[in-house]
Amino acid sequence: MLKAISKSVKSVKLGFITFGTLGVLLGSAEAANIFTGGASKQDCYDANCEFGRFGVGGGYYGFQGSEVNVDNYIGYASFGIKEVYKARFQGEFDILLGGGKSEIKGSTFPQGFRRSADSFIFEPVIKLGVNVLTKKAPLFVNALVGVEGYRSGFGDTNRFYRTIGFTGLELNGEIPASSKLRITYGAGYSWIFGASYNYDDTRAKVKGSISNYAVNANLGFEYDLPKGVYVYTKLIGKYQHIDSASSAIYNGVSVSYPQSKGFAGMLEVGLGF
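These notes cover the structure that comes with them. (Residues numbered from 1 in each chain as written. Predicted model: local features only at pLDDT ≥ 70, side-chain atom pairs only at ≥ 80, totals over all residues. Heavy atoms only, no water.)

1. Section: the overall build of the protein
Link 1 in the chain: When helices and strands are tallied, the protein shows three helices and 13 strands.
Link 2 in the chain: A buried classification covers 47% of the 273 residues belonging to the protein.
Link 3 in the chain: A sequence separation of at least 24 residues applies to 65% of the contacts in the protein between residues at least 6 apart.
Link 4 in the chain: Approximately 13000 Å² of the protein is accessible, and the part contributed by carbon and sulfur atoms is 65%. (Helix = DSSP H or I, 4+ residues; strand = E, 2+ residues; numbered from the N terminus. Buried < 20%, exposed > 50% of the residue type's maximum accessible area, 1.4 Å probe, protein only. Contact = heavy atoms within 4.5 Å. Areas by Shrake-Rupley, 256 points an atom, 1.4 Å probe, with all protein chains shown as cover.)

2. With respect to the pairing of strand β10 (residues 230-242)
Across a regular strand the side chains alternate sides, sitting on one face of the sheet and then on the other.
Link 1 in the chain: Pairing of strand β9 (residues 213-224) with β10, which is carried by 12 bridges, proceeds in the antiparallel orientation. The residue bridging D224 from the neighbouring strand is Y230, located in β10.
Link 2 in the chain: Turn length for the β9-β10 hairpin, with the two strands adjacent in sequence and antiparallel, is five residues, and the turn residue K227 shows positive phi of about 60°.
Link 3 in the chain: With 13 bridges joining them, β10 and strand β13 (residues 260-272) adopt antiparallel strand pairing. Considered in β13, the bridge of I242 is made with S260. (Pairing = 2+ DSSP bridges.)

3. Examining the packing of aromatic side chains
Link 1 in the chain: Tallied over the full model, the rule gives 17 aromatic pairs.
Link 2 in the chain: Ring geometry for Y199 against Y250: centres 6.3 Å apart, planes inclined by 45°, an arrangement best described as tilted. Remark: Y250 occurs in strand β11 (residues 248-250) and Y199 occurs in strand β7 (residues 181-199); sequence separation between them is 51 residues. Note on accessibility: Y199 and Y250 belong to one class, buried.
Link 3 in the chain: Here the aromatic rings of Y213 and Y239 are separated by 6.1 Å at their centres, their planes lie at 50°, and the arrangement is tilted. A residue pair is termed long-range when its members are at least 10 positions apart, and Y213 in strand β9 and Y239 in strand β10 qualify at 26 residues. (Phe/Tyr/Trp six-rings, centres within 6.5 Å; stacked < 30°, edge-to-face > 60°.)

The structure is reproduced here in structure tokens:
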């Protein structure tokens, strides 16, 4: 338990170091004027405005099944750009990039397969949405499509990958708590339309099914700073259910991946402008 906590703390420390570096680069946050011209987020909703954000975070990311367990403690960076038209319609692109340490347990993996290795994750997502409430307390209903990729190991052998494609609906809202402070919240449901696992170059695919799905939720706040900049933090939770993969032959041995349940819990902080 202490070892797991230590790994998680190290990942969060990595995120905060990156965040501090960003603060030095932005200096007095004059860079925000490129996007909003110095207007606050709410003022900018009166017109056609572009927003950007940069965040860092850390936490746990893993997926488990019968006779297998994949645990990761990660640090990551998250980037996003968004265009909003008169507080009613929006388009958004987000990407998450991170890495850490993975621990693989269970008999599903071939004998001799590396059980501890560096890991890498990425998740680009495109969203289109409409605000169904008000300018001051918007609630955007977004249609989205994205990819999530995971890799453990970077050598010539003992590499393990998981890739999923998903599409779904998401709610993202804001509740004003004061003239500068906003509570943010969100939740979503996605259908996982494609998934596969790779043992080196051997691929085991998951058949498409409505039983493959993901749910997510987040809760946080934003606080306005001068010149159109705001700071934010949020807690993020994810759950995934994926059916078992078909069998494939790896080094003369049949391999697959059982039905799995994935969990992620992360804390993110950042700047928006």
